[in-house]
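So the chains spell out like this:
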There are 4 protein chains.
Amino acid sequence: MDRTEQSDSDTGPPPTLGVGMVGHAFMGAAHSQGWRTAARVFDLPLRPVLAAIAGRDRTAVHAAAARHGWAAAETDWRALVARDDVQLVDICAPGDLHAEIAVAALEAGKHVLCEKPLANTVAEAETMSAAADRARTRGQVAMTGFNYRRVPAVAHARRLIAEGRLGALRHLRFSYLQDWLVDPAAPLTWRLLREHAGSGALGDLGAHIVDLAQHLSGELLTGVSALTETFVRERPLPHDSTAARGYGTVTVDDAALFNGRLASGALASFEATRMATGRKNALRFEINGEHGSLAFDLERLNELSFHDHTEPAASAGFRRILVTEPDHPYLRAWWPPGHALGYEHTFTHQARDLIEAIAHGTPPEPSFADGLQVQRVLAAVEESARKNAVHTPVPTQSAQPVPVQPAPAPAPVQP
Amino acid sequence: MDRTEQSDSDTGPPPTLGVGMVGHAFMGAAHSQGWRTAARVFDLPLRPVLAAIAGRDRTAVHAAAARHGWAAAETDWRALVARDDVQLVDICAPGDLHAEIAVAALEAGKHVLCEKPLANTVAEAETMSAAADRARTRGQVAMTGFNYRRVPAVAHARRLIAEGRLGALRHLRFSYLQDWLVDPAAPLTWRLLREHAGSGALGDLGAHIVDLAQHLSGELLTGVSALTETFVRERPLPHDSTAARGYGTVTVDDAALFNGRLASGALASFEATRMATGRKNALRFEINGEHGSLAFDLERLNELSFHDHTEPAASAGFRRILVTEPDHPYLRAWWPPGHALGYEHTFTHQARDLIEAIAHGTPPEPSFADGLQVQRVLAAVEESARKNAVHTPVPTQSAQPVPVQPAPAPAPVQP
Amino acid sequence: MDRTEQSDSDTGPPPTLGVGMVGHAFMGAAHSQGWRTAARVFDLPLRPVLAAIAGRDRTAVHAAAARHGWAAAETDWRALVARDDVQLVDICAPGDLHAEIAVAALEAGKHVLCEKPLANTVAEAETMSAAADRARTRGQVAMTGFNYRRVPAVAHARRLIAEGRLGALRHLRFSYLQDWLVDPAAPLTWRLLREHAGSGALGDLGAHIVDLAQHLSGELLTGVSALTETFVRERPLPHDSTAARGYGTVTVDDAALFNGRLASGALASFEATRMATGRKNALRFEINGEHGSLAFDLERLNELSFHDHTEPAASAGFRRILVTEPDHPYLRAWWPPGHALGYEHTFTHQARDLIEAIAHGTPPEPSFADGLQVQRVLAAVEESARKNAVHTPVPTQSAQPVPVQPAPAPAPVQP
Amino acid sequence: MDRTEQSDSDTGPPPTLGVGMVGHAFMGAAHSQGWRTAARVFDLPLRPVLAAIAGRDRTAVHAAAARHGWAAAETDWRALVARDDVQLVDICAPGDLHAEIAVAALEAGKHVLCEKPLANTVAEAETMSAAADRARTRGQVAMTGFNYRRVPAVAHARRLIAEGRLGALRHLRFSYLQDWLVDPAAPLTWRLLREHAGSGALGDLGAHIVDLAQHLSGELLTGVSALTETFVRERPLPHDSTAARGYGTVTVDDAALFNGRLASGALASFEATRMATGRKNALRFEINGEHGSLAFDLERLNELSFHDHTEPAASAGFRRILVTEPDHPYLRAWWPPGHALGYEHTFTHQARDLIEAIAHGTPPEPSFADGLQVQRVLAAVEESARKNAVHTPVPTQSAQPVPVQPAPAPAPVQP
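Not measured: the values here are computed from a predicted model. Every chain begins its residue count from 1, and numbering advances along the sequence as written. Chain letters and ligand numbers both follow the written order, the letters beginning at A and the numbers at 1. Residue-level local features of this predicted model are given only where pLDDT is at least 70; pairs of side-chain atoms are given and counted only at 80 or more, and the full residue set underlies all totals for whole chains, interfaces and linings. In computing side-chain values, all of the structure's heavy atoms are included and hydrogens and water are not.

Trainee: Pulling in residues and values, what's your account of the overall build of chain A?
Mentor: Secondary structure elements are defined from DSSP: runs of H or I of at least 4 residues count as helices, runs of E of at least 2 residues count as strands, and each element is numbered from the N terminus. Helix and strand content of chain A: 10 helices and 18 strands. When we talk radius of gyration, it's over C-alpha atoms, and the globule rule is simply 2.2 Å times the number of residues to the 0.38. In summary, chain A has a C-alpha radius of gyration of 22 Å against a globular reference of 22 Å for 415 residues, a match within 12%. Its C-alpha atoms put chain A at 60 × 60 × 45 Å along the principal axes. By residue count, 64% of the 415 residues in chain A fall in the buried class. A separation threshold of at least 6 residues defines the contact pool for chain A, and within that pool the share at least 24 residues apart is 72%. For chain A, the exposed surface amounts to about 14,000 Å²; the carbon and sulfur share of it is 53%. We treat Lys and Arg as the positive residues and Asp and Glu as the negative residues; His and chain ends play no part in the count. For charged residues, the charge sits on one atom: NZ in Lys, CZ in Arg, CG in Asp, CD in Glu. The average position of the 39 basic charges and that of the 47 acidic charges among the side chains of chain A differ by 1 Å. Each residue is assigned to one of three classes by its accessible area relative to the maximum for its type, calculated with a 1.4 Å probe on protein chains only: buried under 20%, partly exposed between the two thresholds, exposed over 50%. Here, two residues are considered to be in contact whenever any of their heavy atoms come within 4.5 Å of each other. For every accessible area listed, the method is Shrake-Rupley and the probe measures 1.4 Å; residues are considered covered only by the protein chains on display.

What follows is the structure, given as structure tokens:
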């Protein structure tokens, strides 16, 4: 009997990467699972260490640290950013805090992973993207957390498109349908307040599908025409100890519909809503090209539907690819064919890809610049909705970034 | 042995209704099947007789009459309209002929069934609707051929909505996806020329989904914001004997996307396209309401998907109703449960409902006025597409109809 | 204006084939629709004429004749068989009448179509098959009505197997699931009495799947091991005017399960039941071969699912072929792609194929010999069920047929 | 800043449970993920510690320990069983080692989790079950690893059946279809050798579906009638360094089909195969009862299909329940509705349930006795297959267990 040797005897164990996470709600739990799992599944050049977690409520953040396996807890994100054992800051806080934390972390020499949408405004996102550009020159990496790029079926879809299996694209149909606001008694949480969330279904769900449409096609949206709606305008305030429970005003959209064109002229339609009764997490897309089509539904995330139009018509049809084969993206490290992966491993894959980018000095995908570009689309959607749905271009030039202070040298990756 | 007695001895056989059909292509074949079948399945107050068919090509129209079982053939639709043995004129000709034939038939005292879209322009549709209004006072019936209202699953959907099973509607998503124009070598038929077809996918497919959205919700669209596109702008001229085959210009849309609002504030999205690779006849809808949702796909026309949101969440889900039960619309007359109906019986059901309306003097659904209203939506779509997608209202007031000559008294239904 | 010319001027109209049908319940209605439709869709060498229909109840048979468009009605099937205007006898009566009618019709020189199962016993089926063999030498045709061979998706499945797309077969899984006996109050009709129906789900549903398994594989079952069950053993007698309604004993199976091997060694499983709650007409199969697989469900009869195992694993999967393309069996004569056919057109296709066999003197498929072989499988199933499920061979040699009288010369097909 | 407090201040952290695992192939990786995750998701009375892992190959077992996070590695399972820091032995070794390890561990006072099938023979399983019975009196727990009971959709199915939503059961159809042996070049691993694996698809896949059928119905199989087959009888020996690669004989089944009856008279059919081309992990069932039906497919493990036959026929149908609601089994601890769980969490849930049983002294489900009973069914299947499929009863009385030595007192759960 002897203690476990942590790696091949020759090479020694990989160096560690200290992770510090801000936020510990749903996203915090999911990211924790990703950080904890990545090195158990993939051969990684750096081993992530769950160093510290930050949250404002002392009791809650300690409970979260214990539950999710973080070594330390902080009640101030600034303290977390300042920790020597943290080389990467993972931002799972509400959107109104993204810019401040991300810029501070980058300037403190940390790598950053920031949940989507990147920010609540284009101006914030520009600031963040500029900070990421500067940090990049110092070897730091900044990634936007569009985790659904890391669903194996989605990654496989991108591969098929990149290989030309669809030919020139004509139609992209994206929707993200949830129903948790159908009940008018659902409370007025921060996600329903513009000052915290920036927007409603648009930023929360729409950001994902805008990113995916552009990621999968390799093209940008040139402009949009949009409608938004808030069906339930007053909701009960979140529960507290007072007997009388008041109502407050929802200041974000319940749903957003928008159409646009990609640079190539392909038509793209989008719908983001939290009022699609019976749909729980239905991020769906269908893409039609000259030579084939793809369809996907996140509620069946291990499947991709593919139609190869170059087959004879009599034997052609949408095939259900169970995306669990060794040759599928990320899958060689997982279970045998047919054994489904769960939602949370989008974060496991995200952790793996981010660690690879950090270790190899490659640009992260999606970058903060990608996150900024999505933010510009969201802003164009809101502008179009205000202007009677008129087609509203998405700016392709970066606005002048807000100047920020020069940052210290990056923290070296701990050996 | 004795000859068949055609009915119950007491009542005698039902009187006949002489049908004259203009056109004998795809729609002509389908309508023929409907007229031939209706009295074999349903107890009808009038027995349709396939009296005469009209088409310009003498050889072709005679062949069609023989194939489909029409007693006579005409090479001029005016001769068909003038026949004494024709009490109902069924218009399956291209859209640019609808108005002239329909008005002539109505003024000749005939009942009229006109394929959709009702006309190529709002002005034509207004003329037709006005003629129908006048004919109505004489006891004549004029119906627009939105046959998909007569899919049993669609009729059942309407029943569920009317019963309040969905509550207030929030979202309507309608698309009609085909792919027969994906091949750039598909020829430039009349359906691709504005002067004959009025519009492209918009009028051919979009008209159906606009009608269904309004029919199912019981509400009208108040306005739309639209994009249209023609992906393949030059196509080979249809085949003829000349060796050199030229190209011509497509003058209609390949695809149309539009969003709008119903009177109640529900959001509605529409897509009509003939470029959705791999989709053959995918008229799909999903409707979300406060209390439930419905989904449908014409490629599986015997099924309706229904989510009842009043069930406990743990046992709720979209259920696949096989719409073949005796209690489903039209089904009591058909096969036992589980035995699928085909596409063509939308026309069988349309024939049945039209005959009932004629016999009982009830207003037909959908009327020419309904067809006109859809035409206004299509015109608003085209206007919005020309105006950078800006929201374009759908007029709710009828424009002044073009005056027409008074008509003779209606032909009595032949005993 | 002129009367319809019924065909090309050169060739004249095709000669007619007078059809006489025995029975007018569900199968009678469905067959009528097939006979009425076949010549409207296909170019046929003989035009079927609905000459006469037979049934015991005078009022009912006349009503059926009027409803379904038969020119005459008979209350004795012998009179129908004797009619000069009947060249083909279509037997839709209960199973206990099949042998007598079929033999009489064949001996009267008529062609015969007999509903499945061919008979209630092997002995009857042998007599029928022998009569068919004799009639065959006189140019008569006798077909067993396994109509599901004529579902286009099933015919396409056979084509794919014949082309070697599946390679050697390993597994065949067939089930036919209905639920109309779940309700213990469902009445004791003739279908639940052995003396009339021969067996229960086994003969009614099991006969279809045994035929299809053998037809699709091109191989015969060598033996079976079976369980059968009658879950509800007493049922109310069918409704009549007496106030007190008694109960009677169900003498057939509600369900039959059996496994077997094909000649090649492939394993085959079968289940026929009328107690599969929620399944209305679910004739399903899946066939696995070395190189691919097929799956089908009659509740979605326009679809065939095909997995091509020679594709790279990363892009392979079961594809849903919408069997509505011109290159699919029977489809060139029908609607454009994506427009579904209904259940009844299995009978339209059966009529077409039978007429082709009669006109061209080709052996019909499935023959009475095929029907007899299925009967032997059903008998082996019942024997195995009685013998504790022990593997029971299916005889491959015909038993000695019961001798019958020589028959008169066949009636010539009427010009 | 302060170190993480591991739990509520009042109660202190839960005591630990040292886990020692034997085996580190596929099952070892999956179990590791379960042990690692359980305490991160659920509130557990004992915190599992990944104490040690055992495997014969020194390099491989150390690599596995490092990869999967086990604190120590052993090359002899006896050493692992003897460790003081191990209170629970998790047996993921091939079937021929199960009995020896399990009995030794139980006699050493350890709790045991043993992968399915419990053993390679009934005799071994009896010995194990007897050992478990003795250990039970000392407070030890022994569980058989039928992990699919812990798929939330399966657990919800059991709940619906227990609530009477299906009424009396009539039909159970279970199949487990894989295709990894379709390729005749797949090598002759230990799973294809009777001396190591006991049986082929029967024990590997069939054991799962026998357990689930009995678990879901709450009834035992009374007997079976079976066919088994080995389609590819010679396979290449597993790769090694020698250039010439020989062939060896497959000594287990590729496929097993069997039918049987439950105690209540319900019919049950089973198929286990590794030759179902295109099916990767298709554990499927459908259960029909008087009042409703359930259907499931492990390839879509987050879904359960439910038909409620007490609904009016016009609105009834199989509904797709997305089993991700808080009120579904295990789900309250997981993600929001619609966020899919993966295959591996069957092991997370198994870990949780086993820990609960250990902490509360409740009998584990499934017990070793349950595993033994499944083994008897498998033996009856093999006997029936040898005896021409004749119905073979499943013994309900335990045979006399092989006597074993008395064991020492159990190790107390480490605080």
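Trainee: Let's hear about the interface of chain A and chain C: which residues, and what values?
Mentor: The figure often quoted for interface size is the accessible area lost as the parts come together. At the interface, 14 residues of chain A touch 14 residues of chain C. Interface area for chain A against chain C, summed over the two sides, is near 1,200 Å², with a carbon-plus-sulfur share of 48%. It is Ala314(A), Ser315(A) and Arg319(A) that lose the most area in chain A upon contact with chain C, and together they represent 42% of the buried surface on that side. For this analysis, a salt bridge means a side-chain nitrogen from Lys or Arg found within 4 Å of a carboxyl oxygen belonging to Asp or Glu. Inspection of the region where chain A meets chain C yields 2 salt bridges. Summed over both partners, the accessible area lost on bringing two parts together, with a 1.4 Å probe, is the buried area.

Trainee: Which residues make up the interface of chain A and chain D, and what values do they have?
Mentor: Listed as interface residues are 54 residues of chain A and, on the opposing side, 54 residues of chain D. The contact between chain A and chain D buries some 4,600 Å² in all, and 46% of this surface belongs to carbon and sulfur atoms. Our enumeration of links across chain A and chain D arrives at 8 salt bridges. Ionic pairing is found between Glu303(A) and Arg300(D), a salt bridge with its closest N-O pair at 2.7 Å. Two N or O atoms count as a polar contact when they lie within 3.5 Å, although within protein this holds only if one can serve as hydrogen donor and the other as acceptor, and sequence-adjacent residues are included solely when both atoms are side-chain atoms. If you look at where chain A meets chain D, you find 18 residue pairs in polar contact (both at pLDDT 80 or more). Secondary structure elements with two or more residues in the side of chain A that touches chain D: β1 (2-3), α1 (26-41), α2 (58-68), β4 (72-74) and β17 (318-322) of chain A. At 9 residues, α1(A) tops the list of elements feeding residues into the side of chain A that touches chain D. Taken together, the residues that form the side of chain A that touches chain D break down as 23 nonpolar, 13 polar and 18 charged. Any residue outside Ala, Val, Leu, Ile, Met, Phe, Trp, Tyr, Cys, Pro, Asp, Glu, Lys and Arg is labelled polar, Gly included; the first ten of those are nonpolar and the last four are charged.

Trainee: So what's going on with the confidence of the model for chain A? Which residues, and what values?
Mentor: Residues and elements named next belong to chain A. This prediction gives chain A a mean pLDDT of 92; 92% of its residues lie at or above 70. Confidence of the prediction at every residue is given by pLDDT, a number between 0 and 100. When the criterion is pLDDT under 50, residues 1-9 qualifies, and its contacts beyond four places in sequence or with other chains add up to 26 contacts. Contacts from residues 398-415, a stretch scored under 50 in pLDDT, to residues over four places away or in other chains number 38 contacts.

Trainee: So what about the relation of the copies chain A and chain D? Which residues, and what values?
Mentor: Least squares is the method used to superpose the copies, on C-alpha atoms of residues holding a pLDDT of at least 70 in both. Its rotation angle being 180 degrees, the transformation that places chain A on chain D also includes 0.0 Å of axial translation and leaves an RMSD of 0.0 Å. Read as a symmetry element, the transformation amounts to a two-fold axis. For chain A, the residue whose C-alpha comes nearest the rotation axis is Gly342(A), separated from it by 1.9 Å. Interface overlap between copies is the fraction of interface residues in one copy that are interface residues in the other; for chain A against chain D it reaches 100%, indicating a shared surface.

Trainee: If you had to explain the pattern of salt bridges to someone new, which residues and values would you point to?
Mentor: Following the criterion strictly, the structure yields 124 salt bridges over all chains and no others. Two residues, Glu325(A) and Lys280(D), come together in a salt bridge whose shortest N-O distance is 3.8 Å. Placement of Glu325(A) in the loop between β17 and α9 (345-360) and of Lys280(D) in the loop between β13 (267-273) and β14 (282-289) is noted, with the two residues assigned to different chains. Of the charged contacts, one joins Arg149(B) and Asp211(B) as a salt bridge, the two residues approaching to 2.7 Å between their closest N and O atoms.

Trainee: Run through empty space enclosed by the protein, naming residues and quoting values.
Mentor: Residues are called lining when one of their atoms sits within 4 Å of a cavity or pocket point, these points coming from a 1 Å grid over the protein atoms alone, where a cavity is a set in which a 1.4 Å probe fits but cannot get out and a pocket is an open set with protein on both sides within 12 Å along at least five of seven lines. Grid points are joined across faces, edges and corners, and a volume is the space filled by probe spheres set on the points. Applying the stated criterion to the full structure yields 8 cavities of 30 Å³ or more. Empty space within the second largest cavity amounts to approximately 100 Å³. Lining the second largest cavity, in full, are Glu299(B), Arg300(B), Leu301(B), Asn302(B), Glu303(B), Ala340(B), Glu299(C), Arg300(C), Leu301(C), Asn302(C), Glu303(C) and Ala340(C). Looking at the lining of the second largest cavity residue by residue, the class counts come to 4 nonpolar, 2 polar and 6 charged.

Trainee: Describe the packing of helix α8 (residues 201-217) of chain C against helix α10 (residues 368-386) of chain C, with residues and values.
Mentor: All names here are of chain C. The axes are straight lines fitted to the C-alpha atoms, using for helices just the contacting stretch, and the angles between their N-to-C directions are given from 0 to 180°. Their axes nearest at 10 Å, the elements α8 and α10 cross at an angle of 120 degrees. Looking at the two axes, α8 sits oblique to α10. Here the hand of the crossing between α8 and α10 comes out right-handed. Across the interface between the two elements, Leu202, Gly203, Gly206, Ala207, Val210, Asp211 and Gln214 of α8 pack against Gln373, Val374, Val377, Leu378, Val381 and Glu382 of α10. In the contact of α8 with α10, the residues fall into 7 nonpolar, 4 polar and 2 charged. Our angle categories are set so that under 35 degrees counts as roughly parallel, over 145 as roughly antiparallel, 65 to 115 as roughly perpendicular, and the remainder as oblique. Each crossing gets its handedness from the near helix: less than a right angle anticlockwise from the far helix is left-handed, clockwise is right-handed.

Trainee: Could you give an account of the relation of the copies chain A and chain C, with specific residues and numbers?
Mentor: At an RMSD of 0.0 Å, chain A and chain C line up after a rotation of 180 degrees and a shift of 0.0 Å along the axis. Taken together, the interface assignments show that 100% of the residues at the interface of chain A recur at the interface of chain C, consistent with an identical surface on both copies.

Trainee: Can you break down the pairing of strand β8 (residues 169-177) of chain C residue by residue, with the values?
Mentor: All names here are of chain C. Counting buried positions along β8 gives 9 out of 9 residues, so the element sits mostly inside the fold. Paired strands are those between which DSSP finds at least two bridges. Taken together, the 8 bridges between β8 and strand β14 (residues 282-289) define a ladder with antiparallel strand orientation. Directly across from histidine 171, in β14, lies its bridge partner asparagine 288. Inspection of the sheet shows β8 paired to strand β13 (residues 267-273) by 7 bridges, in the parallel sense. Looking at β13, one finds that histidine 171 is bridged to leucine 267.

Trainee: Got a sec to walk through the UniProt feature "domain: Gfo/Idh/MocA-like oxidoreductase N-terminal" (unreviewed entry) in chain A? Specific residues and values, please.
Mentor: UniProt tags residues 18-141 of chain A as "domain: Gfo/Idh/MocA-like oxidoreductase N-terminal" (unreviewed entry). Measuring from the first to the last C-alpha atom of residues 18-141 of chain A gives 14 Å, for a span that is 48% helix and 20% strand. UniProt positions are given in the numbering used here, feature names are shortened, and annotations may be inferred rather than shown by experiment.

Trainee: Just give me the short version of the packing of helix α5 (residues 122-137) of chain D against helix α10 (residues 368-386) of chain D, but keep the residues and values in it.
Mentor: Residue and element names in this part refer to chain D. One can describe the packing of α5 onto α10 by two numbers: an axis separation of 9 Å at closest approach and a directional angle of 165 degrees. In terms of their interaxial angle, α5 and α10 are classed as roughly antiparallel. Where α5 crosses over α10, the handedness of that crossing is left-handed. Note on element contacts: α10 touches α5 through Phe368, Ala369, Leu372, Gln375, Arg376 and Ala379, opposite Val122, Ala125, Glu126, Met128, Ser129 and Ala132. Of the residues belonging to the contact of α5 with α10, the class tally is 8 nonpolar, 2 polar and 2 charged.

Trainee: Could you give an account of the domain arrangement of chain A, with specific residues and numbers?
Mentor: Residues and elements named next belong to chain A. In terms of domains, chain A is made up of domain 1 (16-147) and domain 2 (152-300 + 302-341). An automatic or database domain assignment provides the domain bounds reported here. Just the C-alpha atoms count here: the centres of domain 1 and domain 2 sit 25 Å apart. Each partner contributes residues to the interface: domain 1 has 12 residues there, and domain 2 has 14 residues. The tally of links between domain 1 and domain 2 comes to 1 salt bridge.

Trainee: Tell me about the nonpolar core, and name the residues and values.
Mentor: To define a nonpolar core, start from buried Ala, Val, Leu, Ile, Met, Phe, Trp, Tyr and Cys residues and group those joined through side-chain atoms within 4.5 Å. In this structure, Trp35(A), Phe174(A), Trp35(D) and Phe174(D) are the most contacted members of the largest nonpolar core, which totals 174 residues. Contact partners of Phe174(D), with chain neighbours within four places excluded, come to Ile209(D), Leu212(D), Ala213(D), Leu216(D), Ser269(D), Phe270(D), Glu271(D), Arg284(D), Phe285(D) and Ile287(D). The next biggest cluster of nonpolar side chains, apart from the first, holds 172 residues, and it includes Leu202(B), Ile287(B), Ala266(C) and Leu298(C).

Trainee: Lay out the environment of Glu124(D) in plain terms, naming residues and giving numbers.
Mentor: All names here are of chain D. The topology assignment puts glutamate 124 in helix α5. Separated by 251 residues in sequence, glutamate 124 and glutamine 375 have C-alpha atoms that sit 9.5 Å apart. Among the polar contacts listed, one links the side chain of glutamate 124 to the backbone nitrogen of asparagine 120, at a separation of 2.9 Å.

Trainee: How would you summarise the environment of Ala316(B) if you had to cite specific residues and measurements?
Mentor: Residue and element names in this part refer to chain B. Residue position: alanine 316 is located in the loop between β16 (303-308) and β17 (318-322). A relative accessible area of 12% places alanine 316 in the buried class. Considering only alpha carbons, one finds alanine 316 and lysine 110, 206 residues apart in sequence, at a separation of 51 Å.

Trainee: Report on the packing of aromatic side chains, specifying residues and quantitative values.
Mentor: Centres within 6.5 Å make a pair out of two Phe, Tyr or Trp rings, where for Trp the six-membered ring is used; the pair is then stacked when the planes are under 30 degrees apart, edge-to-face when over 60, and tilted otherwise. This structure, assessed with the given rule, holds 51 aromatic pairs over all chains. Residues Phe174(B) and Phe285(B) carry aromatic rings whose centres are separated by 5.1 Å and whose planes lie at 25 degrees to one another, so their mutual orientation is stacked. Placement of Phe174(B) in strand β8 (residues 169-177) and of Phe285(B) in strand β14 (residues 282-289) is noted, with a sequence separation of 111 residues between them. The same class applies to Phe174(B) as to Phe285(B), namely buried. Each ring, one from Phe42(D) and one from Trp334(D), has its centre 6.4 Å from the other, and the planes form 90 degrees; the classification is edge-to-face. Within this pair, whereas Phe42(D) is found in the loop between α1 (26-41) and β3 (47-54), its partner Trp334(D) is found in the loop between β17 (318-322) and α9 (345-360), the two being separated by 292 residues in sequence. Exposure class is identical for Phe42(D) and Trp334(D). Each is buried. An aromatic cluster is present here, built from Phe42(A), Tyr330(A), Trp334(A), Trp335(A), Phe26(D), Tyr148(D), Tyr176(D), Tyr343(D) and Phe347(D) joined pairwise through their rings. A cation over an aromatic ring shows up here: Arg279(C) above the ring of Phe318(D), its NZ or CZ 3.6 Å from the ring centre. In this structure, Arg352(C) is placed above the aromatic ring of Phe42(C), and the distance from its NZ or CZ to the ring centre is 5.1 Å. The criterion for a charge sitting over a ring is simple: Lys NZ or Arg CZ within 6 Å of the ring centre, and within 35 degrees of the ring normal.

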